[in-house]
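# Residue-level structure breakdown
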Amino acid sequence: MPRTSTGTATLERKVSSESAQQKTEHFDVLIVGAGISGIGGAYHLTTQSPGTSFVILEKAETFGGTWWTHRYPGIRSDSDLHTFGYRFKAWRGPPIATAQEIRDYMGEVIEENTLGQHIRYKHKILSARWSGSENLWTIDAIMTDGTAGGGEAVRITAKFLWMCQGYYRHEQGYLPKWPNMEAYRGKLVHSEEWPNDLDTKDKTVLVIGSGATAATIIPAIAGTAKHVTMLQRSPTFFITGRNVNDLAQTLRQLQIDEDWVHEIVRRKINFDQAVFAERCVNEPDKVAEELIGVIKGILGPDYDVAKHFTPTYRPWRQRIAFVPDADLFKAIAAGQASVETDEIERFTEGGVLLKSGKELQADIIVAATGFNLNVLGDINFEIDGKPLKFSDSVTYRGMMFTGVPNMVWVFGYFRASWTLRADLVGDFVCRLLRHMKSMGTSRVEVALRPEDKDMAILPWIDAESFNPGYLMRGIDLLPRRGAKPEWQHTQDYWNEKDIFPKIDLDDAAFVYGAAVGGKTKARPS
């Protein structure tokens, strides 16, 4: 359920009252979020469904999503931009890119396709209400102006809602409640809330966490900080390599057109990732040995790789971050950074006391401890006057949900680049909208078919397959999945790229309706 509070509820009622007194705008489609998925969705609507009116509401002051809100040092992608970049626009830079490089790329997409006219920044959506009698979403938002009371109220109606806001709360990271935190006299920050004026130069820094964020921050500050320590409860897997794609380099030397380079390199990377993912399942011990062996080669025979970089789980049960040019491990080998594998007993005035009895002193402690899951963007949803409990729904292919008409949510891949799925979902939405138009219908909802009545209903994802902390902490907030492939997010791009274009929109799982005389008329099967 979205976060609610007395203050939020009061503001929502105020905005709803003010919105009702103002002119209501109407669009065919409303896109939530101007991040990588929202900008991609706008492109697909413009090119595949010309004439469709749409608007993007973004609560931040500019586009970029993660690549704007995250400000910690060294912020970069943890997957290659040849596949994280859009299908329709070639990526010409290094495979692992900085946040600014990614935003520059997105900015080109916006400018080249005149998408800016559709985006409204500083618009925070408070509620989204579906009316079955009108077959419309009513969205109440507020134009944020930085004041405590908020800004101008906005009301928009839309036939279709495209949720592209991601899945975690950008402005607030997950911070565990460690004992005695209030005793610490240094500076404690979360990586998602990095202060612009935080200076780590000549400071002793403790980074708690061992995922992609920690692996990014540590090498970025290790050269100027007095010393950086990474504290982890348990090791994680990493992949290292040069921040260069040799195939792309070769194709460019042969003067192959950039669009061809983009497509060929994407196919090769996706093929290699499919092989790697299969190996992680079929021969996990061998894959683990290979990954750990690379780290041993960098850190040397005297380093305790078994303790600090040998995970207890099989590869790909959690996301594997790519460390370009092995910069994290080079910082460790150079003595600029070190690793402690232990648990926190409690905070002290000068740092943290570990359960082993060792105390780590730090001028600055950075909690790179993950996300808070936020499935619907802190938006209060109602369906025909009743609050939506998202976890009661069952997902259709991880993008539509039983009991929720005219809405699609973009949730990318864990084992492949997010944008690969954003593009697939974009194609699907445009095809669905064209199909509805050809039928003369204004409503679509997914529903379990008669043949699904005995199907097992399960959690969103199988924890044996993928189990990062942020997902496990919030699994009860997510919709359910069914035991059949069409009723789950399979996380399998290599299958979905062939399946999605062939989804039968006349299958009984899709229930259409048309507004007739103020009532919903079901489409005959």
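The structure presented is a predicted model; accordingly, all values stated were derived computationally and were not measured.

## Some thoughts on empty space enclosed by the protein
Taken as a whole and judged by the stated rule, the model has 1 cavity of 30 Å³ or more. What the largest cavity holds in volume is close to 40 Å³. Looking at the largest cavity, the residues that line it are R76, S77, D78, A212, A215, T216, A321 and F322. Only helix 6 (212-222) and strand 11 (321-324) provide two or more residues apiece to the lining of the largest cavity. The element best represented in the lining of the largest cavity is helix 6, accounting for 3 residues. Within the lining of the largest cavity, the residues separate by chemical class into 4 nonpolar, 2 polar and 2 charged.

## Thoughts on the confidence of the model for the protein chain
Overall, the predicted model of the protein chain reaches an average pLDDT of 91, with 93% of residues at or above 70. Across residues 1-7 the pLDDT falls below 50, and counting only partners more than four positions away or on other chains, this stretch makes 12 contacts in the model. Ignoring residues within four places in sequence, the model shows residues 515-525, a span with pLDDT below 50, making 20 contacts including any to other chains.

## Things to note about the sheet that holds strand 7 (residues 187-190)
Sheets are built from strands paired through backbone hydrogen bonds, the pairs being either parallel or antiparallel. With parallel pairing, the 5 strands of this open sheet are ordered in space as 7-16-8-9-12. Here the strands that pair on one side only, and so sit at the sheet edges, are strand 7 and strand 12 (337-341). The mean inter-strand angle of the sheet, taken between neighbouring strand axes irrespective of direction, is 20°. In this structure, strand 9 (residues 227-232) lies alongside strand 12, joined through 5 bridges in parallel fashion. Looking at the pairing, M230 lines up with V339 of strand 12. Helix-sheet contacts for helix 6 involve strand 8 (204-208), strand 9, strand 12 and strand 16 (364-367), and the interaxial angle to strand 9 is about 165°.

## Focus: helix 9 (residues 284-299)
The end-to-end C-alpha distance of helix 9, which contains 16 residues, comes to 23 Å, matching closely the 22 Å that a straight helix rising 1.5 Å per residue would cover. Taken together, the buried positions of helix 9 are occupied by V287, A288, L291, I292, I295 and L299. Taken down its axis, helix 9 places every buried residue within 120° of arc, on the same side. Among the exposed residues of helix 9, those oriented more than 90 degrees off its buried face are E289 and G297. Turning to helix 9, the residues buried within the fold contact strand 10 (238-241), helix 8 (258-282), helix 10 (305-308) and helix 11 (327-333). Once helix 9 ends, the next one or two residues include G300, with phi positive near 90°.

## Section: the state of the cysteines
Summed over all chains, the structure comprises 0 disulfides. Looking at C164, it has no disulfide partner, and the nearest cysteine sulfur is the one in C430, 11 Å off.

## Concerning the environment of A334
Mapped onto the elements, A334 comes out in the loop between helix 11 and strand 12. Taking relative accessible area as the criterion, A334 reaches 55% and is therefore assigned exposed.

## Observations concerning the packing of helix 8 against helix 9
Between helix 8 and helix 9, whose axes approach to 5 Å, the crossing angle comes to 115°. Contacts from F276, R279, C280, V281 and N282 of helix 8 reach helix 9 at P284, K286, V287, E290 and L291.

Definitions and cut-offs
- Residues numbered from 1 in each chain as written.
- Predicted model: local features only at pLDDT ≥ 70, side-chain atom pairs only at ≥ 80, totals over all residues.
- Heavy atoms only, no water.
- 1 Å grid on protein atoms, 1.4 Å probe; cavity = no way out; pocket = protein on both sides within 12 Å on 5 of 7 lines; lining within 4 Å.
- Points joined across faces, edges and corners; volume = space filled by probe spheres on them.
- Helix = DSSP H or I, 4+ residues; strand = E, 2+ residues; numbered from the N terminus.
- Nonpolar A, V, L, I, M, F, W, Y, C, P; charged D, E, K, R; others polar.
- pLDDT = per-residue confidence, 0-100.
- Contact = heavy atoms within 4.5 Å.
- Pairing = 2+ DSSP bridges.
- Axes fitted to C-alpha atoms, helices over the stretch in contact; angles between N-to-C directions.
- Expected span 1.5 Å × (residues − 1).
- Buried < 20%, exposed > 50% of the residue type's maximum accessible area, 1.4 Å probe, protein only.
- Arc of directions from axis to C-beta.
- Disulfide = S-S within 2.5 Å.

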